Amino acid sequence: MPSITIENLTFSYPDCSSPALYEVNLTIEAGEFIVITGATGAGKSTLLRCINGVIPHFQPGTLQGNVWLDRATPSGRVPVARVSAPQLARFIGSVFDDPEGQIVSPIVEEEIAFGLENTGVDPAQMDDRIAKALADCGISHLRHRATSSLSGGQKQRVAIAAVLALAPKILVLDEPTSELDPDGTEAVLKVLFELNKNHGITIIIAEQKVTLLAPLCDRLVLLEKGRIALQGPPRKVFMHPYIFAKLGVELPAPARLAHALVQAGVLPPLDSPDAPPIPLTVEEAFTLSRQLL
Ligand SMILES: Nc1ncnc2c1ncn2[C@@H]1O[C@H](COP(=O)(O)OP(=O)(O)O)[C@@H](O)[C@H]1O
Ligand SMILES: [Mg+2]
């Protein structure tokens, strides 16, 4: 059952000569973990804004085509443009690149309560909802901390917990780890992976660097100037290093190793039946190298 169906979506910002998205068609299944990648300006953020309703609810421009949300209302699928912004916020949670800018409360639990109060959650349920959202993000111990005392990775997990408390079916994240150090990045990606695997939440994440996400996601979508250039499971998409090079998106090192081994004549072409799968992690690359020695 698709969660989101994007049909012939073209969007232009006001006074821009060329569209930021051009005839995009994409179906995202419920429970999928999908990564949207591409160079700066490729249209990643614009695509996420069309999915979470920032376009057309808050950002003007010319929109053609449709983004359909499944089961957003009891009557079935509806276009994002026809669901009110508060109703959308309960269905789709959004997290951005800047954890500082998203957090408004001095204490962690107040930050989680803030969104719940705004949506009129029964005060008797409040405590459980806060505790569960914090636990799901692995930050129960931060409940009474001052938000100003947290690291970037902790803040980003608080921001995720705050949207998670609203029980969204879909989480949309725009470069959520770009401001974080490697530890913070790893902690946030672990939370996203577990929310996806254990709670079936659909994850849609825009990110320029796909190395850490490739082993976690079901599908990578490469955008090129507002169009989908390539999409599929990471091991399939990584078969096309020239497209990555052309688009200015870095191919992860384990996949580069596999292509180098083909060029050196050590491995058969990667699309031949006896070729090994493209490694996605350093561990997989190590195993492949050992098998060849
Ligand atoms: N608010 C805006 N107003 C006008 N043009 C914009 C706006 N946001 C993005 N754009 C333009 O739309 C195109 C896609 O941008 P964006 O979606 O931000 O790409 P990405 O997130 O991949 O870097 C770019 O050409 C960018 O300059
Ligand atoms: Mg962007």
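Every chain is numbered independently, its residues counted from 1 as its sequence is written. All chains are assigned letters beginning at A, and all ligands numbers beginning at 1, according to the order in which they are written. At least 70 in pLDDT is required for a residue's local features to be given in this predicted model, at least 80 for side-chain atom pairs to be given and counted, and no such filter applies to totals for whole chains, interfaces and linings, which use all residues. Hydrogens and water molecules were not included; the side-chain quantities draw on all heavy atoms of the structure.

As named in an unreviewed UniProt entry, the protein chain is ATP-binding cassette domain-containing protein, taken from Heliobacterium mobile. UniProt positions are given in the numbering used here, feature names are shortened, and annotations may be inferred rather than shown by experiment. If you open the UniProt record of the protein chain and go to Sequence similarities (unreviewed entry), you find "Belongs to the ABC transporter superfamily." Per UniProt, the comment on the protein chain under Subcellular location (unreviewed entry) is "Cell membrane".

Student: Could you give an account of the site of ligand 1, with specific residues and numbers?
Tutor: Residue proximity to a molecule or strand is established when one non-hydrogen atom of the residue lies within 4 Å of it. Residues in close proximity to ligand 1 total 13 residues, the closest being G41, G43, K44, S45 and T46. Think of a polar contact as two N or O atoms within 3.5 Å of one another; within protein, one of them needs to be a possible hydrogen donor and the other a possible acceptor, and neighboring residues in sequence only count if both atoms come from side chains. Between S45 and ligand 1, the recorded distance is 2.8 Å, taken from a side-chain N or O atom to an oxygen atom. A distance of 2.5 Å separates an oxygen atom of ligand 1 from a polar side-chain atom of T46. For ligand 1, whose free accessible area comes to 560 Å², the fraction covered by protein is 62%. Ten residue types, Ala, Val, Leu, Ile, Met, Phe, Trp, Tyr, Cys and Pro, are classed as nonpolar, four, Asp, Glu, Lys and Arg, as charged, and the remainder, Gly among them, as polar. Here the shell around ligand 1 is composed, by residue class, of five nonpolar, six polar and two charged. Using the Shrake-Rupley algorithm and a 1.4 Å probe, accessible areas are obtained, with residue cover drawn only from the displayed protein chains.

Student: Hey, could you go over the pairing of strand β8 (residues 202–206) for me, with residue numbers and the actual values?
Tutor: When a residue's accessible area, from a 1.4 Å probe over protein chains only, is under 20% of the maximum for its type it is buried; when over 50% it is exposed; and in between it is partly exposed. What counts as a helix is a DSSP run of H or I of at least four residues, what counts as a strand is a run of E of at least two, and both are numbered from the N terminus. β8 sits mainly inside the fold: five of its five residues count as buried. Judged by which residues are buried, β8 turns out to be covered on both faces: T202, I204 and A206 on one side and I203 and I205 on the other are all buried. Two elements, strand β3 (residues 33–37) and β8, share four bridges in a ladder whose sense is parallel. Looking at the pairing, F33 lines up with I203 of β8. One bridge is not enough; two strands pair if DSSP finds at least two bridges between them. In this sheet, β8 lies alongside strand β7 (residues 170–174) in parallel orientation, the contact comprising five bridges. Considered in β8, the bridge of L173 is made with I205. Seen with its strands pointing away from the viewer, a crossover is right-handed if its path from the first strand over the helix to the second goes clockwise. Viewed along the sheet, the connection from β7 through helix α8 (residues 182–199) into β8 turns out right-handed.

Student: Give a description of the domain arrangement of the protein chain that names residues and reports values.
Tutor: Domain annotation for the protein chain reports domain 1 (2–102 + 166–247) and domain 2 (253–292). Taking only C-alpha atoms, the centre of domain 1 and the centre of domain 2 are 30 Å apart. Residues are treated as being in contact if the distance between any of their heavy atoms lies within 4.5 Å. Residue-level contacts link nine residues of domain 1 with eleven residues of domain 2. In total, domain 1 and domain 2 occlude about 790 Å² of area from one another, counting both sides; carbon and sulfur atoms represent 69% of this. Taken as a group, R235, F238 and M239 account for 65% of the area that domain 1 buries against domain 2, more than any other trio of residues on that side. Salt bridge, as used here, is a side-chain nitrogen of Lys or Arg placed within 4 Å of a carboxyl oxygen of Asp or Glu. Across the pair R235 and E284 runs a salt bridge, and its minimum N-O distance is 2.9 Å. Applying the counting criterion to the domain 1 and domain 2 interface returns three residue pairs in polar contact (both at pLDDT 80 or more). Those elements that place two or more of their residues in the side of domain 1 that touches domain 2 are α9 (234–237) and α10 (241–247). Looking at the side of domain 1 that touches domain 2 residue by residue, the class counts come to seven nonpolar, one polar and one charged. What fixes the domain bounds is an automatic or database domain assignment. Once two parts are joined, some of their accessible surface, as seen by a 1.4 Å probe, is lost; buried area is that loss totalled over both.

Student: Mind laying out the pairing of β3, listing which residues take part and the relevant values?
Tutor: With five of five residues buried, β3 lies mostly within the body of the structure. The side-chain alternation of β3 yields two buried faces, one formed by F33, V35 and T37 and the other by I34 and I36. Note that β3 and strand β9 (residues 219–224) share four bridges and pair parallel. Within β9, the position partnered with V35 by the bridge is L220.

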